[in-house]
Amino acid sequence: MRRLAILVSGRGSNFEAIARNIAAGKLDAEIAIVISNNPEAKALETAATLGIKARCVPSKGVDSDTYAARVRDVLAPLGIDLIVLAGFMRRVGQPLLDAYPQRILNIHPALLPAFPGLHVQQQALDYGVKVSGCTVHFVDSGMDTGPIVAQAAVPVLDDDTAESLAARILAEEHRIYTEAIALVLSGKYRIEGRRVVRTS
Ligand code: GAR
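To start, this report covers the structure provided alongside it. Please read these numbers as outputs of a predicted model, since none were measured by experiment.

**Some remarks on the site of the ligand**
Taken together, Arg11, Gly12, Ser13, Asn14, Gly87, Met89, Ile107, His108, Pro109, Leu170 and Glu173 form the complete shell of residues around the ligand. One of the side-chain N or O atoms of Arg11 is found 2.6 Å from an oxygen atom in the ligand. Within the side chain of Ser13, a nitrogen or oxygen atom sits 2.6 Å from an oxygen atom of the ligand. Within the complex, 90% of the 450 Å² of free accessible area of the ligand lies under protein. Of all elements in the fold, only α1 (13-23), β5 (104-108) and α6 (162-186) reach the threshold of two or more residues within the shell around the ligand. The residue inventory of the shell around the ligand, partitioned by class, reads four nonpolar, five polar and two charged.

**Regarding the packing of aromatic side chains**
Applying the stated criterion to the full structure yields three aromatic pairs. Between Tyr67 and Phe88, the aromatic rings sit 6.3 Å apart at their centres with planes inclined by 20 degrees, giving stacked as the arrangement. Of this pair, Tyr67 sits in helix α3 (residues 64-75) while Phe88 is found in the loop between β4 (82-85) and α4 (94-99), placing the two residues 21 residues apart along the sequence. Overall, the relative accessible area of 3% leaves Tyr67 in the buried class. Geometry around Tyr67 places Arg90 over its ring, the cationic atom sitting 5.5 Å from the centre.

**Description of the side chain of Asn14**
Checked against the element boundaries, Asn14 lands in helix α1. Residue Asn14 is classed as buried on the basis of its relative accessible area, which comes to 7%. Once residues lying within four places of it in the same chain are set aside, the contact partners of Asn14 are Ala86, Ile107, Leu170, Glu173, His174 and Tyr177.

What counts, and where the lines are drawn
Every chain's residues receive numbers from 1 upward, in the order its sequence appears when written. In view of the model being predicted, local features appear only for residues whose pLDDT reaches at least 70, and side-chain atom pairs are presented and counted only at 80 or more, with totals across whole chains, interfaces and linings using the full set of residues. Derived side-chain values reflect all non-hydrogen atoms in the structure, with water molecules and hydrogen atoms excluded from consideration. Nearness is defined per residue: one heavy atom within 4 Å of the molecule or strand is enough. Throughout this description, a polar contact denotes any pair of N or O atoms lying within 3.5 Å of each other; where both atoms belong to protein, one of them has to be capable of donating a hydrogen while the other can accept it, and for residues adjacent in sequence the pair is counted only when both atoms sit in side chains. Every accessible area reported is derived by Shrake-Rupley at a probe size of 1.4 Å, with residue values counting cover from the shown protein chains alone. Helix and strand definitions follow DSSP, with helices as H or I runs of at least four residues and strands as E runs of at least two, each counted in order from the N terminus. Asp, Glu, Lys and Arg are counted as charged, while Ala, Val, Leu, Ile, Met, Phe, Trp, Tyr, Cys and Pro are counted as nonpolar; the rest, among them Gly, fall into the polar class. Note on ring pairs: Phe, Tyr and Trp rings are taken, using the six-membered ring of Trp, and paired if centres are within 6.5 Å. Classes follow the plane angle, with under 30 degrees stacked, over 60 edge-to-face and the rest tilted. Residue burial is assigned from relative accessible area. The probe radius is 1.4 Å, only protein chains are included, and a residue is buried under 20% of its type maximum, exposed over 50%, and partly exposed in between. Lysine and arginine charges are scored as sitting over a ring when NZ or CZ, respectively, is within 6 Å of the ring centre and within 35 degrees of the ring normal. A contact between two residues is defined here by any heavy atoms of the two lying within 4.5 Å.

Dropping the structure here:
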């Protein structure tokens, strides 16, 4: 069984969707651990409810490389196949990138390369785009820049608020993250430059 580590910072709805998809037999994997950088994260409670091992590794006052080395050391004995960032709001430092090359995925609530960074649903509204969505991508040392595994688009409606747009995008996040994880775990792809190309 392929083993996932899920990194979270807050609500954890993507983590919960992945856990439920595993329980429903839609994804052949197990969640070996959930790590939160935030001791207050609701995701920690959800993990406890679901009986999934979880641990807080606090990031407050810790630089990203030191933090990445700490997470790497927690994960080292666990035989992790893939790290899944699910609402993890810190940059991933080099020690973790080096330990898991092209084995870290992130989900972002915009159609990259549009709107990297934070508060991106508001950015999309302010810019006036008519379509937004979400992106699953491999994590590299840039900000939301790694090769794209999957995207889904949603309409931006005239009466949207950042919250209503975020909710529409989130429903797609919950769907495509599991699909992207399944593809990566299957190994049926190759990375050509920036392109993630399916193989049979
Ligand atoms: C999700 O919308 C995710 O795409 C976003 O945070 C939210 C977390 O929700 N991630 C980022 O913005 C990463 N830069 P969740 O905790 O309920 O999964």
